[in-house]
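Structural overview for review
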Amino acid sequence: VAECTKQTLRAREGGSELDYEGLEWTNVDLTVEATAPLLIVMKAPKLRAVAVHLTGPVVLHVQDAQVSDLRVFGAGSPAGEPSLSLLSVEATQLRVGDLERPFQGVVHVRSSKLRVIELHLNELDLESSRLEVGMVDARGLSAADASLIQLELRTEHGLFTEFEVRESRLQLCEYASLIGGSLNSSVLEACP
C-alpha cells in the first residue's frame, strides 16, 4: 500500500522481473529507468491518481485491475523502448503519453474496458476491448474485436477487423484496412 509518494527505481543489469500482487496505490508518482530489459507485473492492483514514467526497455504489465486516473509516460533510450500491457483492466481516466511526448513504445490492450481516455502513442494493439469517450492519436493501430465509442481517433496506419465504431470521428492518414466491422453515426476522413 502506498499513498502520496514519489519514487524512482533505477534498474541495472541483473534484475529482469518484478512481480507485485494486490497493490493499492493512491497519489503515487513512480519513475522507472532501465538499461537492460525489465518486466514489471502488477496483478490485481487498485490504482488511483497514479503516474508512471518509464525510460528504456521496461515492460509494464497490468492485469485484472481497477484503475482511476492513471497516467503512463514512456521514453526510449539507447537500450530500448518501453512497453505497456493492459489485460482485463477496467479504467476510468487513462492517459498514455501527451501531445509533446507521445508514448514511444507499443501499448497492448486485451479484454479491457477503458473510459475517458487520452492516448498519444507510437503503436496501439487492441484486442477484445472497448474504448469509450476521448481521443486516440497513434502512428500505428491494430484493432481486432474492438468497440470504439465517442472517440476522436487519428492514425497513420490502421487495421480494423471485426470492429464496432459509434459516434466517433476517425481520421485515417496514410492507409487503413477496415474488415468485417460496423460504423454507426461516425465520420471517416482523410488527414489534411
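Read on for an overview of the structure.

Conventions used here
- Residues numbered from 1 in each chain as written.
- Predicted model: local features only at pLDDT ≥ 70, side-chain atom pairs only at ≥ 80, totals over all residues.
- Heavy atoms only, no water.
- Helix = DSSP H or I, 4+ residues; strand = E, 2+ residues; numbered from the N terminus.
- Buried < 20%, exposed > 50% of the residue type's maximum accessible area, 1.4 Å probe, protein only.
- Contact = heavy atoms within 4.5 Å.
- Polar contact = N/O pair within 3.5 Å; in protein donor to acceptor, adjacent residues only side chain to side chain.
- Disulfide = S-S within 2.5 Å.

1. Structural notes on the environment of Ser129
Structurally, the position occupied by Ser129 is in the loop between strand S9 (113–127) and strand S10 (130–144). A relative accessible area of 5% places Ser129 in the buried class. Considering only alpha carbons, one finds Ser129 and Ala146, 17 residues apart in sequence, at a separation of 5.0 Å. Setting aside chain neighbours within four positions, we find Ser129 in contact with Val109, Arg110, Ser111, Ser112, Asp145, Ala146 and Ser147. Within polar-contact distance, the side chain of Ser129 engages the backbone oxygen of Glu127 at 2.9 Å.

2. Things to note about the state of the cysteines
Scanning the model with the defined rule gives one disulfide in all. Note that Cys173 is cross-linked by a disulfide to Cys191, the S-S spacing being 1.8 Å. Around the S-S axis, the bridge from Cys173 to Cys191 shows a dihedral of about -60° and counts as left-handed. A residue pair is termed long-range when its members are at least 10 positions apart, and Cys173 in strand S13 (residues 169–179) and Cys191 in the segment after strand S15 (187–190) qualify at 18 residues.

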